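As a plain string of letters, each chain reads:
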Amino acid sequence: MSGPPRATIKKNVSKFDDDVRQTGSYAYTSDRLSSRLANAAISRAVAEANDWKGKRVLDIGCGDGTYTLEFPGLGVAEVVGIDPTEVAIEAGQAKARNAGLTGEIRFEVGNIYELGSLLDEGRFDCIVLRGVLHHLPDAERAIAALSGFKGTIVILEPNGYNPVLKILEKVSRYHIEHEERSFSPRSIRAWLTGSGFHDVSSRVINLVPYFCPDWMAKGLKLIEPVIESLPVIRSFSCGQVVIVAEH
């Protein structure tokens with residue numbers, strides 16, 4: 001299945017290239033307290049989403065590799081991270097070398113619309129899309145491009161039911177420059193089902209938004225367990241959704 005033109009994909013990732021050139025990583029992987037708390041919650045949710053021991057994992061849209069490096073700690077047998085920007089892949093390779101993980105992790109330039117042999121049956125047990133869909137020019141087509149994959153898919157995305165997030169997408173300079181647009185969990189589940197995936201489940205997590213002041217991050221973290229336990233409130237308050245499906 002063909003996807004958007006390469007020029008469109010290149011345009012969409014150019015701002016992320018700038019981030020890596022300037023700081024060596026992406027803005028949301030910074031050492032800011034809100035980023036640390038949000039990312040820790042997301043990593044915990046990803047770790048709990050699947051039995052990773054001995055699995056071969058394809059991390060699509062791996063960015064600068066920060067979170068790809070977490071998989072060896074979960075017991076995976078192999079992890080390959082791909083991203084359309086060479087700058088990010090170079091950053092990921094450097095991180096793997098510095099962490100002494102080059103034997104367990106490989107990074108390659110590639111995009112979700114043109115995965116080719118990476119989707120060959122039996123090559124990978126699991127595909128991970130952590131914060132990828134909301135950056136893509138055609139998220140539904142991206143999911144459809146995975147229809148030939150046989151295994152587990154774990155998706156982590158901003159929660160499109162969160163009204164604050166929808167406002168930020170319209171007014172935040174960062175969100176606008178990085179072309180971010182969130183989708184409802186219902187839409188993502190429908191795309192998965194339409195592409196042949198089944199046993200689709202989802203849950204919303206995390207109350208701490210990226211880039212918020214430290215005092216706010218600390219306060220929201222304190223009440224996060226309570227909010228996550230309230231069915232209706234969490235659907236509109238939590239910032240991310242983790243979705244798991246099988247094919």
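First things first, this report covers the structure right here in the doc. Going along each chain's sequence as written, the residues are numbered from 1 onward. Two thresholds apply to this predicted model, a pLDDT of at least 70 for residue-level local features and 80 or more for giving and counting side-chain atom pairs, whereas whole-chain, interface and lining totals are computed over all residues. The side-chain figures draw on all heavy atoms in the structure; neither hydrogens nor water molecules are used.

## Re the pattern of salt bridges
Any carboxyl oxygen of Asp or Glu that lies within 4 Å of a side-chain nitrogen of Lys or Arg is treated as forming a salt bridge with it. Scanning the entire structure with this criterion turns up eight salt bridges. With its nearest N and O atoms 3.6 Å apart, the salt bridge here joins R141 to D138. Only protein chains enter the accessibility calculation, which uses a 1.4 Å probe. A residue is then buried if its area is under 20% of the maximum for its type, exposed if over 50%, and partly exposed in between. Taking the relative accessible area as the measure of exposure, R141 reaches 33% and is therefore partly exposed. A salt bridge links K221 to E224; its shortest N-O distance comes to 2.8 Å. Here K221 and its partner E224 are both found in helix α8 (residues 214–228), three residues apart, which amounts to about one turn of the helix. Owing to a relative accessible area of 4%, E224 belongs among the buried residues under this scheme. Runs of H or I in DSSP of at least four residues are treated as helices and runs of E of at least two as strands, each being numbered from the N terminus.

## Examining unusual backbone geometry
The phi dihedral of N206 falls on the positive side, at around 70 degrees, and the residue is not glycine. On the accessibility criterion, N206 (1% relative accessible area) is buried. Although it is not a glycine, F211 sits at a positive phi angle of roughly 70 degrees. Residue placement: F211 occurs in the loop between β6 (198–205) and α8.

## What about the sheet that holds strand β7 (residues 240–246)?
DSSP-based pairing: two strands are paired if at least 2 bridges between them are found. The seven strands are arranged β3-β2-β1-β4-β5-β7-β6 in an open sheet whose pairing can be described as mixed. A single partner strand is all that each edge strand has here, and the edge strands are β3 (105–109) and β6. Each adjacent strand pair in this sheet contributes to an overall mean axis angle of 15 degrees, direction not counted. Inspection of the sheet shows strand β1 (residues 56–60) paired to strand β2 (residues 78–83) by five bridges, in the parallel sense. When the sheet's bridge partners are listed, I60 is paired in β2 with I82. All axes here are fitted lines through C-alpha atoms, helices being fitted over the stretch that makes contact, and every angle between N-to-C directions spans 0 to 180 degrees.

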